[in-house]
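This is what each chain is made of:
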Amino acid sequence: MALHDLEDDAALPSDAESARVRLPTLDTRLSNQVRNILNQRRLRRGRITTVLLARQNLDANELEFSDMLVEDQNNGNLSYTDYLALVHKQIAHVLRNGGSLSGASSMRGGSPW
């Protein structure tokens, strides 16, 4: 309800109907945030961004979307800065001592790639 003016997500058009729906201008925080993001993308790219909705347990494109997700192999063990420092140390070690990055140790004993 915070993003569209329908009472239930199931009332949105299904994949089979594939209707183009314009995002209504609602006075909700979520609606304002999404419209601002879309407007910024339009200004930067010079064209309107197409957004596909994938409702859980309702739409077939949920499966397509979930197939594109990847799991974070770091599992939050390192911050981004710490990860970059680790990669930098591994590269510096290889440049100093020779060898390859695949043999360098990382947080799990394997390559960070």
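Residues numbered from 1 in each chain as written. Predicted model: local features only at pLDDT ≥ 70, side-chain atom pairs only at ≥ 80, totals over all residues. Heavy atoms only, no water.

Now for the overall build of the chain. What the chain contains, in helices and strands, is three helices and zero strands. Along the chain, from the amino end to the carboxyl end, the secondary structure elements read α-α-α. Taken across its 113 residues, the chain has 15% of its residues classed as buried. Within the chain, counting contacts between residues at least 6 apart in sequence, those at least 24 apart form 37% of the total. Total accessible area computed for the chain in this model is approximately 9,400 Å², and 53% of it derives from carbon and sulfur atoms. (Helix = DSSP H or I, 4+ residues; strand = E, 2+ residues; numbered from the N terminus. Buried < 20%, exposed > 50% of the residue type's maximum accessible area, 1.4 Å probe, protein only. Contact = heavy atoms within 4.5 Å. Areas by Shrake-Rupley, 256 points an atom, 1.4 Å probe, with all protein chains shown as cover.)

Let us look at helix H3 (residues 80–97). If you check H3, its first and last C-alpha atoms are 26 Å apart, about what 18 residues at 1.5 Å a residue would give, namely 26 Å. Every buried residue of H3 is listed here: Val87, Gln90 and Val94. An end-on view of H3 places all buried positions within 60° of arc, on one side of the element. In H3, the exposed positions angled more than 90 degrees off the buried face are occupied by Thr81, His88, Lys89, Leu95, Arg96 and Asn97. Gly98 occupies a position one or two residues after H3 and carries a positive phi of about 80°. (Expected span 1.5 Å × (residues − 1). Arc of directions from axis to C-beta.)

This paragraph deals with the layout of surface pockets. Size it by volume and the second largest pocket reaches roughly 160 Å³. Contributing to the lining of the second largest pocket are Leu52, Leu53, Ala54, Asn61, Glu64, Phe65 and Met68. Class assignment for the residues of the lining of the second largest pocket results in five nonpolar, one polar and one charged. (1 Å grid on protein atoms, 1.4 Å probe; cavity = no way out; pocket = protein on both sides within 12 Å on 5 of 7 lines; lining within 4 Å. Points joined across faces, edges and corners; volume = space filled by probe spheres on them. Nonpolar A, V, L, I, M, F, W, Y, C, P; charged D, E, K, R; others polar.)

Bringing unusual backbone geometry into the picture now. Across residues other than glycine, the phi torsion is negative in most instances, and most of the peptide bonds are trans. Residue Asn57 is not a glycine yet carries a positive backbone phi of 65°. With respect to the helices and strands, the residue Asn57 is situated in the loop between helix H1 (29–45) and helix H2 (61–67).

For the rest of this paragraph, the subject is H1. Residue pairs spaced three or four apart in an α-helix point in one direction, given the helix's 3.6 residues per turn. In a regular helix each residue adds 1.5 Å, so 17 residues correspond to 24 Å; H1 covers 24 Å between its end C-alpha atoms and thus fits that length. Just past H1, the residue Gly46 takes up positive phi, approximately 80°.

Next up on the list: the side chain of Arg35. Looking at where Arg35 falls in the secondary structure, it is placed in helix H1. Asp27 provides the closest opposite charge to the buried, salt-bridge-free Arg35, at an N-O distance of 6.5 Å. With sequence-adjacent residues up to four places away left out, Arg35 is seen in contact with Leu23, Pro24, Thr25 and Leu26. (Lys, Arg positive; Asp, Glu negative; His and termini not counted. Salt bridge = Lys/Arg side-chain N within 4 Å of Asp/Glu carboxyl O.)

The subject of this paragraph is a nonpolar patch on the surface. Residues Phe65, Met68 and Leu69 make up a contiguous nonpolar surface patch of roughly 360 Å² in combined accessible area. Along the chain, the position of Phe65 falls in helix H2. Given the relative accessible area of 47%, Phe65 is considered partly exposed. (Patch = residues over 30% accessible without salt bridge, like charges linked within 9 Å, V, L, I, M, F, W, Y side chains within 5 Å.)

Quick look at the confidence of the model for the chain now. In this model, the chain carries an average pLDDT of 75, and 68% of its residues clear a pLDDT of 70 or more. The secondary-structure element of the chain with the lowest mean pLDDT is H2, recorded at 84, while H1 shows the highest, at 90. Counting interchain partners and residues more than four positions distant, the pLDDT-below-50 stretch residues 103–108 has 18 contacts. (pLDDT = per-residue confidence, 0-100.)

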